[in-house]
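# Tertiary structure, described
Here is how the chains run, residue by residue.
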Amino acid sequence: MAAEIENHLISTFGGLFGYDEAGTEGTFTSGGAEANHTALLTAITAHFPDFPEHGVRSLPRQPVFYVSSQSHHSFLKAARFCGLGTGAVRHVEVDKQLRMSAGSLSDMIRRDTADGLEPFMVVASAGTTNAGVIDPLQQIADVARANGLWYHVDAAWGGAASFVSELKGYFAGMEQSDSITFDAHKWMSVPMGAGIYLTRHRGILNRTCAIETSYMPKDAAGLDIRDPYMHSMQWSRRSIGLKVFMSLAAAGKPGYESVIRHMTAMGDRLRSRLELAGFEICNETPLPVVCFRPTGVRDMQILQAIVRKIVNSGQAWISTTQLDGQGPVLRACITNFRTEAEHTDRLAELVKTYTAEVMGSEGQG
Ligand SMILES: Cc1ncc(COP(=O)(O)O)c(C=O)c1O
């Protein structure tokens, strides 16, 4: 029953992201990191069919795959755990909006191939962790197809925005991917951990993960069901899908749509309040994450002093981060669906007050 609920959800999420529901396969994972790791394993198995049996020893050429400097760092870990090593991870340049440059990707693939390397996968982000940037998914799909690469989209956080009609356009091209990472424990507010790996290649998970044993039950052998341990990295595991199913049963898709719309509107409101208060907005995204700073201030110590005051006030939690090509910024991400206008406005006020205090004492020092 639990496995059937998960299978039903895998098809449903496949459909939501533009895959053919009946053709979608997948597995629930502990989170986005495991889903990304699964993507790497399936990509390498698809490209090098001997990999499951003979491992990296059997590979004819050094395999490499492509991420952007803004991609989630779980791909570095996954490369290590797969036996490829982090040297196999190639970082593609980003443009001014921090989106992966499809032109640079093409050039790198051409150069690497000429150097005797074997490109096998490219990863696009549909909502980067740092700045909510959505890569040009269609352009990357085209480059992946032209070069015979597995195309993975890491939509762990941002993917939920594609459920809303007015934001769907940002995700055009995601439906052409070979696999997708999604985390229900992020924007869908399902309790941790509820990651999902999806693919439109039926059988690839089995080729990657299946192990035959004499001691596992065979009762299901004759039935048309998928045995979870045969197509995932885990063996015994929780029924991860149940809480996702119950959340969807309680809120429904319309419930999630209204939450996503609301949180996006709160992000827009915070952005405009900060702009009005004279802050510089440093990222471009439709998602509710705002990277900003007092105009022209690129001193991390000043930004950290502002953050300390805000966090110590006990009223809001924000952080600092670095943006490629832009330097240090303050970062506020709306992660709670109960966030209302009074909270965003209060945060903008706090930022304004504490910035004045910190900058004032800097001036006096
Ligand atoms: C884009 C992205 N991918 C992957 C992950 C990793 O997900 P998890 O922490 O659920 O393993 C995150 C986490 O923040 C993320 O933002």
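Our subject in this report is the structure included herewith. Keep in mind that this is a model prediction, so the values were computed, not measured. (Residues numbered from 1 in each chain as written. Predicted model: local features only at pLDDT ≥ 70, side-chain atom pairs only at ≥ 80, totals over all residues. Heavy atoms only, no water.)

### Notes on the sheet that holds strand β8 (residues 279–281)
Quick reminder of the rule: Only when DSSP finds a minimum of two bridges between them are two strands counted as paired. For helices the rule is a DSSP run of H or I covering at least 4 residues; for strands it is a run of E covering at least 2, with both sets numbered from the N terminus onward. Axis lines are fitted to C-alpha atoms, over the contacting stretch for helices. Their N-to-C directions set the angle, which ranges from 0 to 180 degrees. Note on contacts: a residue pair is in contact if any heavy atoms of the two residues lie within 4.5 Å.
The sheet built from four strands is open, its strands ordered β8-β9-β11-β10 with antiparallel pairing. Pairing within the sheet leaves two strands with one partner each, and these edge strands are β8 and β10 (319–323). Averaged over all neighbouring strand pairs, the angle between strand axes comes to 45°, with direction disregarded. Pairing of β8 with strand β9 (residues 289–294), which is carried by three bridges, proceeds in the antiparallel orientation. The residue bridging Ile-281 from the neighbouring strand is Phe-292, located in β9. Strand contacts of helix α9 (residues 240–276): β8, β9 and β11 (327–333), with the helix running at about 10° to β9, the strand carrying the most contacts. On top of the sheet, helix α10 (residues 300–312) reaches β9, β10 and β11; it is set at about 150° to β10, its chief contact.

### Looking at the packing of helix α2 (residues 32–47) against helix α4 (residues 74–81)
What counts here: Roughly parallel refers to an angle under 35 degrees, roughly antiparallel to one over 145, roughly perpendicular to one between 65 and 115, and oblique to any angle outside these ranges. With the far helix as reference, a near helix turned anticlockwise by less than a right angle produces a left-handed crossing, and one turned clockwise produces a right-handed crossing. Three residue categories are used. Nonpolar comprises Ala, Val, Leu, Ile, Met, Phe, Trp, Tyr, Cys and Pro, charged comprises Asp, Glu, Lys and Arg, and polar comprises the others, including Gly.
Where α2 contacts α4, the axes come no closer than 9 Å and their chain directions differ by 50°. One way to sum up the angle between α2 and α4 is to call them oblique. For the pair α2 and α4, the crossing hand works out as right-handed. In contact with Ala-33, Asn-36, His-37 and Leu-40 of α2, α4 contributes Ser-74, Phe-75, Ala-78, Ala-79 and Phe-81. Classifying every residue of the contact of α2 with α4 by side-chain character gives six nonpolar, three polar and no charged.

### Comments concerning the sheet that holds strand β1 (residues 25–29)
Overall, mixed pairing links the seven strands, which are arranged β1-β7-β6-β5-β4-β2-β3 in an open sheet. Where the open sheet ends on each side, the last strands, each with one partner, are β1 and β3 (89–92). Strand-to-strand twist in this sheet, taken as the mean axis angle between neighbours without regard to direction, amounts to 20°. As paired strands, β1 and strand β7 (residues 195–199) are joined by five bridges and run antiparallel to one another. Each residue of the ladder has a partner; that of Thr-29, found in β7, is Gly-195.

### Overview of the pattern of salt bridges
How we decide: One speaks of a salt bridge when a side-chain nitrogen belonging to Lys or Arg is within 4 Å of a carboxyl oxygen belonging to Asp or Glu. Relative accessibility decides the category of a residue: with a 1.4 Å probe and only protein chains considered, values under 20% of the type maximum give buried, values over 50% give exposed, and everything between is partly exposed.
Enumeration according to the criterion identifies 15 salt bridges in this entry. Between Arg-237 and Glu-6 there is a salt bridge, with its nearest N and O atoms 2.7 Å apart. Of the two residues, Arg-237 is situated in the loop between α8 (204–209) and α9 and Glu-6 in helix α1 (residues 2–16); the sequence distance between them amounts to 231 residues. When the shortest N-O distance is used, the salt bridge between Lys-186 and Asp-183 registers 2.5 Å. Exposure remark for Lys-186: the relative accessible area of 36% places this residue in the partly exposed category. What you see here is one network of salt bridges that share partners, running through Arg-269, Arg-273 and Asp-345.

### Considerations on the site of the ligand
Heads up, the rule is: The criterion for a residue being near a molecule or strand is simple. One of its heavy atoms has to lie within 4 Å of it. In protein, a polar contact requires one atom able to donate a hydrogen and another able to accept it; more generally it is a pair of N or O atoms within 3.5 Å, and residues adjacent in sequence count only if both atoms are side-chain atoms. Accessible surface is estimated by sampling points in the Shrake-Rupley manner with a 1.4 Å probe; for residues, cover comes only from the protein chains shown.
Surveying the vicinity of the ligand reveals the residues Gly-31, Gly-32, Ala-33, Asn-36, His-72, Gly-127, Thr-129, Asp-154, Ala-156, Asp-183, His-185 and Lys-186. With respect to the ligand, the backbone of Gly-32 contributes an N or O atom lying 2.9 Å from an oxygen atom. Interatomic distance of 2.8 Å between a backbone N/O atom of Ala-33 and an oxygen atom of the ligand. With the chains in place, 80% of the 390 Å² that the ligand exposes on its own is no longer accessible. It is α2 that provides the largest number of residues to the shell around the ligand, a total of three residues. The class makeup of the residues in the shell around the ligand is two nonpolar, seven polar and three charged.

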